[in-house]
Structure formats: C-alpha cells, structure tokens
Amino acid sequence: MVTTTARTLSFREEVENLLHAEEGASLVRCIQCATCSAVCPVVEFMDHTPRMLIGLINAGMKDEVMASNTFWTCASCYACTEKCPEGIRPADVMYALTRYSLWRDTFNRDWVAPEFSRRFTKTILRTGKSYEPGYAPAFIFEGGFSGMVREMQMGLKLLTKGRMPLIPSRIKRIHNLRAMVARVMPLDGIE
Amino acid sequence: MSERKKVLIVDDDPDFVEGIKAILDTTYDTEVAYNPKEGWDALKSGRFDLLCLDIMMGRGAEGVMMARKIRKDPVLREMPVLIITSLREQIAFLFPGQAVHPGFVPVDELVEKPVDPDMLLKKAAAMIAAAEARRAAK
Amino acid sequence: MSRYAYYPGCSLETMAATYHVSSMEVAHKLGMELEEIEDWNCCGATAYSHVDELLATVLCARNLAIAEKQGLDIVAPCNACYKNLWTTNAALKRDPDLAEHMNYALEADDLHYDGGIEVSHIMDAFSTPEILEVIRQKANDRLKGLKVAPYYGCQIVRPRRPGLELSQVDNPQYFEELLRAAGADPVPYPYKLRCCGAALMVTNRRAAVQMVRDLLQNAVDSGAEVIATACPLCQTNLECYQAEVNHAYDADYAMPILYFTQLLGVALGVGVKRLGIGKELVSPDIVLKRAKAGASSASS
Ligand code: SF4
Ligand code: SF4
C-alpha cells in the first residue's frame, strides 16, 4: 500500500513556521523593492542586505542564508519593519533566524554576537539582572590589545564617576524566577 | 484487516519528519504539521490515536505549551502523547549537559532524537494499546 | 495626582544612574508618583529574543504581574525595556494560550497576570497635555535659547503601536514640544529616529562606532549644542564612546549628551548635583554654566 510521503517543506516555510505566532505578512509577498535595505542603518556591515536575505529565503538558499552574518548584525531598530510596503516584518525574521541558528547549531563560533547573547542570558538566570562589565570580554577578544586598553580606560573613568558597579546586583526572588524559567524551558539544573 | 490507526506528527524539522514518517507509515496512517498552530488545527479536525510532538518550535519550547493545552482539553486528554525531542542539543549552547526535566512536560513518554525505528514502533504500539485499554476500562 | 509603577531597568542602576535620579526629581517637582516595581527583573533586552522568545516573554510577564498586583500602569525610561514590556503585554492580551502558559510559569513566584495594565515610556507620562501645562508654568528661563537635538532613538516609536499613523512615528513632535515647554530651543534633527547601534557596541564595534559618528555629525550640522536622549543605551553609546569615535575617525567631537529629564530638571530649578549632571565623560559645560547662572541670579 502506498502512503503519502512527507510534504517537502521549502526553507521559506521553515522560516515562517518559526514566525507562526507573529503578525507580519508572508515572505512570499516580498516584491524586492529594497525599502528595507535603504532604511537599514547597518546594511553596509551585513553580508547580505535585508532585501537580499528575504530573496535568498524565498529562493530556498538555506546554506547561504545560514552562513550570512546579516541577522546577527541587525540592531533591532525596526526601521525596515516600519517601512516595508508589503507588511513584512524583516526585524522579526532576523530574530527567527538567530533562534534557528542557535537551535540547529549553524552559527559561526567566531562571531561575538551569539556569545554576547549567551553571556547575557546566563547572567539574568544567575542574578535576575543585567551586569554590563560582564559583557566586555565578549568584545575584548575582537577589539585587540589597543581596543582593550581603551575599553579599560573608559571603564576606570566610569568607575570613578560612580557609573560602574563592582558587584552585580541580584533580585530577591531569584529562585522563583529560575523556577518560572524551568516551567517554560524544561531542563534540569535551571531551578 | 483492522483499520489502520492514525498518528499525527508535530515537528518543525522537515528532515527529521521525513525519516520518522517513513518509519511510522509502515504501520500507521500518519499526518504531519510543521508548527503548533497547524498541529492544533489538525487535532481539532480529526481523531488521532497518537501524537508525536517536538519541543523546540516557533518561539521556543512550544511543545510544552501544546502538551499542557492537550492535557486540559476534555477530549484530547485521552490521546497518548509521545515527545520526540532534541531539546538537549538544541539548547546546549545555553545549558550544556542538562537533561530534560520530565516533571514539566505532562506527557506519557519522552524520547530523544535520534530515534531507533524498532523502539519507536514498539513504543507507539504500546502507547496506543494502553490508551485503548484505559478507554475500555471506563 | 498621577501614579505609576516604575520599571527602572538594569542600566538605571549602573551606567544610567543619572537618568534614574533626574527622573525621580522631575517627577517629584511635577507632583507625579513613581512607585518602583517590587523586586523587578531584567526585561531580557535583545539577547533573550535571540535565543528563545518564550524566555523573553516570561521575564517581562513577571514585571507586568507585579505591577498589576501594585494596581498601577507601568512607565519605563529605557526604550528597549519599554518596547519589550509593551510587546509582551500586547501579546499576552491577544493570545490566551500564551497568557495561560505564562501564568503557569508565574505561579512559581505566586503571581498571576490578568492583562489589566498598560505600559508607557516615561516620556509619555512627562508629556501629557496636563503635565506640559505644569512644566510651562513652572519652568525658569535657564534653557532659553539652548539648542537641543531631540534624539528619540528607535524603539520608543518602533515597531509602531496599533492605532498610530505612520506620520505620527515618521516625524513625531512630542519630544520637541516637551523641550519647548521647558524653555529650550529644539533644533530640527534629521537623524532623531536613527539607531544608536545599541548592543552592537559590544558585538560589532565598527558598525556601532560609525552609527554614533553619523548621529554626532548630524547633530553638529543641525546646530545643536547638546543632544537630549530618552534611553540609557543611546546615552551610553553617544557619550561614553565619543572618544572611540574621535579615535576611529580622527575627529574632535565634544557633544554633551544629557537625559531629557536632566534638562527638564534644570528648567524646574533642581540643582545639577541632584540631577547627576557632572558624571559625564563629555562635560556638558554649556548646561552647567546656564544652571549656575540661574542659581546665582536666583539667590541674588
Ligand atoms: S521592504 Fe518589504 S517588500 Fe521591499 S524588499 Fe524589503 S521585505 Fe521585500
Ligand atoms: S531592524 Fe535590523 S534589518 Fe531592520 S533596519 Fe534595523 S538593523 Fe536593519
């Protein structure tokens, strides 16, 4: 007896499945007008412009998309999302792709951005609050020695001005917060 | 020949779905939904004897959300749910080496990817049989 | 009297402590009560959404639930916190399954959220018609003629909240109005809605430094003597990294960057120390001089 095989899923559909709860229009509506790229303030630092990225997704070029630094370069400024004439929300697509690249382990270990997000996320789980000095190391290994020196000089000035705490603060009910997180991320060791 | 049982797979990974569907197709009529929303619609429009559910989908661990919703539904709660997940690997970047906490996933069974075909078929058969026995006992 | 649940956000305890103290001083002067959300936690910034949107939601849901328990609508001074809290609030109100799941998580902290409160940026609270009227009446003339670039940033207006027209977020005017009410002279600042780079200052330094350079140059071109901000990320990037811009571009920018609440405070006669003015790496001399001139004429 013949059974139907699994419907082959396009990469665009895979990306849209990540966005199933979001409000933006389907990526098929992209008319490649490049409005998003024109208003993007970081476009020149991206491997692919937002327009190109959406185009590659629609063309099913998964490997090219996942190797691109574009979604880790996005600053979440939502300028593209505001202006897209088709109601597509490229900023949400960028977030979907960062999730996808972490879950499927396709991100580039040399990039600072995933490491920064990891440090940030772990810090909040430990203390409930963010602690800026803890993230500097994510940058320092990219900034080289002179960058590190300038960063430390600035840190010292901020310290003397009372703008840089030495000890991270911590919320009172951090254990409850962790228990909350364990209910939406069911892993041992979080609570 | 008795009527074939129906299985629904809700999983966002097309490659994995292709494999597991091929295995289940040998014994069951299987349908696939690639996100929780489609999955819920499928559950509401047909009757399934077993649900194979992924965890990390869409915004995050939405499989947990869906399993909890099923357990609260007066009809669907009778349906056995088998979680098939690679949660551990998918979130290893954040929580390396942590095992899945079964207490927070209200389902009958939980297995981790990759799955052994024989084991999967045995589990599926046992879970469907157990659900039938429960129904008969009522 | 207006009362709000105040969500400071992590930066306001550290780098942006001056935003916190000046907000408190100004609120006090204007007869507004800011009740800090009890045991609030981080909003998740952009990092949580990079990793897992439900984790981001659970963090914000806790703050919303505590504020609801306090019976107050939230104001947040940080653009990013505001956007995260606002978006989560909207998602919880629109999606009952999500709300149910988050309430299951909230049980672990004995909390529950019913979707009964609203979230605003603190600038919204400081620019209602009634408050603007109070500011006009109470403001001295210390900011008179001071050329201020009103730097909104991104997430204070984007993504657009339902019910707002594109024109309202394309060229908003409420920051300018607020500055005018305080006696200052807002200059047209074409880049007022352009991104400061936010966390890219850590993750992509070259990009962020260029973004800050563009914002500074545009302010200089606009004739601004000071840039007013409404977000701790914007302030930190524009101010603390000005030296980095000068280094990278062989430039000599010395543009003071103050929180809008610090300027409001000067106009309302609060002392510069109490507003935290003087803790900058780029000295806001022009504002200090005006504040002192005002103080001596007031005491004479
Ligand atoms: S603005 Fe919208 S329609 Fe135009 S290229 Fe970008 S995503 Fe496509
Ligand atoms: S949200 Fe990201 S992609 Fe869109 S304009 Fe801003 S930086 Fe560019």
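Residues numbered from 1 in each chain as written. Chains lettered and ligands numbered in written order. Predicted model: local features only at pLDDT ≥ 70, side-chain atom pairs only at ≥ 80, totals over all residues. Heavy atoms only, no water.

1. Comments concerning the environment of K83 of chain C
Stage number 1. Locating K83 of chain C in the fold gives a position in helix α4 (residues 79-94).
Stage number 2. Sequence-wise, K83 of chain C and A45 of chain C are 38 residues apart; in three dimensions their C-alpha atoms are separated by 9.3 Å.
Stage number 3. Excluding residues within four positions of it along the chain, K83 of chain C makes contact with Y78 and Y95 of chain A together with Q155, R158, P159 and R161 of chain C. (Helix = DSSP H or I, 4+ residues; strand = E, 2+ residues; numbered from the N terminus. Contact = heavy atoms within 4.5 Å.)

2. Things to note about the site of ligand 1
Stage number 1. In the vicinity of ligand 1, the residues found are C30, I31, Q32, C33, A34, T35, C36, R51, C84, P85 and E86 of chain A.
Stage number 2. Tallied by class, the residues present in the shell around ligand 1 amount to seven nonpolar, two polar and two charged. (Near = heavy atom within 4 Å. Nonpolar A, V, L, I, M, F, W, Y, C, P; charged D, E, K, R; others polar.)

3. Description of the site of ligand 2
Residues and elements named next belong to chain A.
Stage number 1. The environment of ligand 2 is made up of 14 residues, and the closest members are C40, C74, C77, Y78 and C80.
Stage number 2. Of all the elements in the fold, those that place two or more residues in the shell around ligand 2 are α6 (79-83) and α7 (90-103).
Stage number 3. Taken together, the residues of the shell around ligand 2 break down into 13 nonpolar, one polar and no charged.

4. Description of the nonpolar core
Stage number 1. Membership of the largest hydrophobic core comes to 154 residues, with the highest contact counts inside it found for L97 and M185 of chain A, L43 and I91 of chain B together with I74 and I227 of chain C.
Stage number 2. Looking at this core element by element, the count peaks at 11 residues for helix α3 (residues 53-70) of chain C.
Stage number 3. If we skip the residues at most four places from it in the chain, I74 of chain C touches A5, Y7, I37, N63, L64, A67, L85, I117, E118, V119 and S120 of chain C.
Stage number 4. Core analysis: the second largest hydrophobic core is formed by 50 residues, V75, A182, A228 and V266 of chain C among them. (Core = buried A, V, L, I, M, F, W, Y, C linked by side-chain atoms within 4.5 Å. Buried < 20%, exposed > 50% of the residue type's maximum accessible area, 1.4 Å probe, protein only.)

5. Brief notes about the interface of chain C and chain A
Stage number 1. Listed by partner, the interface residues are 67 residues for chain C and 60 residues for chain A.
Stage number 2. A buried area of about 5,900 Å², summed over both sides, lies between chain C and chain A, and 59% of it is on carbon and sulfur atoms.
Stage number 3. Summed over the shared surface of chain C and chain A, the result is 13 salt bridges.
Stage number 4. E82 of chain A is paired through a salt bridge with R160 of chain C; the nearest N and O atoms lie 2.6 Å apart.
Stage number 5. It is α3 of chain C that contributes the most residues to the side of chain C that touches chain A, six residues altogether. (Buried area = accessible area lost by both parts, 1.4 Å probe. Salt bridge = Lys/Arg side-chain N within 4 Å of Asp/Glu carboxyl O.)

6. Notes on the packing of aromatic side chains
Stage number 1. All chains considered together, the criterion is met by 11 aromatic pairs over all chains.
Stage number 2. A ring pair is formed by F126 of chain C and F260 of chain C, whose centres lie 6.2 Å apart and whose planes are at 70 degrees; its orientation type is edge-to-face. One end of the pair, F126 of chain C, is in helix α6 (residues 122-126); the other, F260 of chain C, is in helix α14 (residues 260-267), and 134 residues separate them in sequence. Comparing F126 of chain C with F260 of chain C shows no difference in burial state: the two are buried.
Stage number 3. Measuring from ring centre to ring centre gives 5.9 Å for F175 of chain C and F260 of chain C, while their planes differ by 75 degrees; the resulting arrangement is edge-to-face. In this pair, F175 of chain C is assigned in helix α9 (residues 174-181) and F260 of chain C in helix α14, connecting sequence segments 85 residues apart.
Stage number 4. Three or more aromatic residues link up through ring pairs in this structure, and these residues are Y19, F126, Y152, Y174, F175, Y259 and F260 of chain C.
Stage number 5. When the ring centre of F16 of chain B is taken as reference, the NZ or CZ atom of K113 of chain B above it lies at 4.0 Å. (Phe/Tyr/Trp six-rings, centres within 6.5 Å; stacked < 30°, edge-to-face > 60°. Lys NZ or Arg CZ within 6 Å of the ring centre and 35° of its normal.)

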